[in-house]
Amino acid sequence: MKIPINWLKEYVDIVLSPAKIADKLTMAGHEVKVVETIGENWDNVVVGQITTVNPHPNADRLRLATVDLATEQQTVVCGAPNLVVNDKIAFARVGAQLVDGHSGQVVTLKSAKIRGVVSSGMVCSEKELGISDEHQGIMVLPDEAPLGTLLGDYLGDVVLNLEIT
C-alpha cells in the first residue's frame, strides 16, 4: 500500500522525517518496504505556461512551443499532440535528469538541433518525469500551478510503500 506523506499531513501534524516515520511504522508492525521520493531529480524542471504554438518550418509532425517560465521565455521543438496555448506544463531545462521515453534510462537533457531548429529544453510527459508510463502527450498541470516554481516543490512528495500482511 502506498501512502503519500502529503496525504498524511491532511490528517495529522507531521514533525518527523519520512525515514523516521517509516522506522516507527515498521517497529509498530507495519513494515515499510520502500520510501520513495517523487521529484527528487527534478532540479531543473519548472512550471511553465505555453504562450504560442507554431508549425515547425522543416517537419510536419513537429511544432514550436514558446513557454513562459516567469523570468524568461523558451521556444522548444515538440512532437506532442496536446500542445495548447495557456496550458500550464512541466518544462525541463538543459541539464535536467529525465527518463528516456524509449530506453527507460535516466539521461541528462542536452540542447539539440532538431530539423534545423535549436531546442534548449523540453516540455515533459509523465513518463519522462518518472511519474507513470503515460507518454502519449505532455503532462498538463492545473491552472493554479505557480508559474516558474520548481516542479519538485509543487508536485514532489515522499511516498511510503507499506507491506500489508
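Residues numbered from 1 in each chain as written. Predicted model: local features only at pLDDT ≥ 70, side-chain atom pairs only at ≥ 80, totals over all residues. Heavy atoms only, no water.

## Concerning the nonpolar core
Judged by nonpolar contacts, the single largest core of 14 residues is most densely connected at Val45, Ala90, Ala92, Leu98, Leu129 and Leu151. Ignoring sequence-local partners within four residues, the contact set of leucine 151 consists of Trp42, Val45, Val46, Val47, Ala90, Leu129, Met139, Leu141 and Gly156. (Core = buried A, V, L, I, M, F, W, Y, C linked by side-chain atoms within 4.5 Å. Buried < 20%, exposed > 50% of the residue type's maximum accessible area, 1.4 Å probe, protein only. Contact = heavy atoms within 4.5 Å.)

## Topic: the pairing of strand β4 (residues 59-68)
Judged from the seven bridges that link them, strand β3 (residues 45-56) and β4 form a sheet pairing that is antiparallel. In the sheet register, asparagine 54 faces β4, and the bridge partner there is leucine 64. Here β3 folds back onto β4, and the loop between the two strands holds two residues. (Pairing = 2+ DSSP bridges. Helix = DSSP H or I, 4+ residues; strand = E, 2+ residues; numbered from the N terminus.)

## Some thoughts on the sheet that holds strand β13 (residues 157-162)
Sheet strands pair via backbone hydrogen bonds, and the direction of the pair is either parallel or antiparallel. Strand order in the open sheet formed by three strands is β1-β13-β2, with antiparallel pairing between adjacent strands. Of all strands in the sheet, those with a lone pairing partner are β1 (2-4) and β2 (32-38), marking the two edges. Direction aside, the axes of adjacent strands within the sheet are offset by 20° on average. (Axes fitted to C-alpha atoms, helices over the stretch in contact; angles between N-to-C directions.)

## Thoughts on the packing of aromatic side chains
Given two aromatic rings, one states the distance between the centres and the angle between the planes to describe the pair. Applying the stated criterion to the full structure yields one aromatic pair. A centroid spacing of 5.2 Å and a plane angle of 65° characterise the contact between tryptophan 7 and tyrosine 11, whose relative ring orientation is edge-to-face. Judged by its relative accessible area of 58%, tyrosine 11 falls in the exposed class. (Phe/Tyr/Trp six-rings, centres within 6.5 Å; stacked < 30°, edge-to-face > 60°.)

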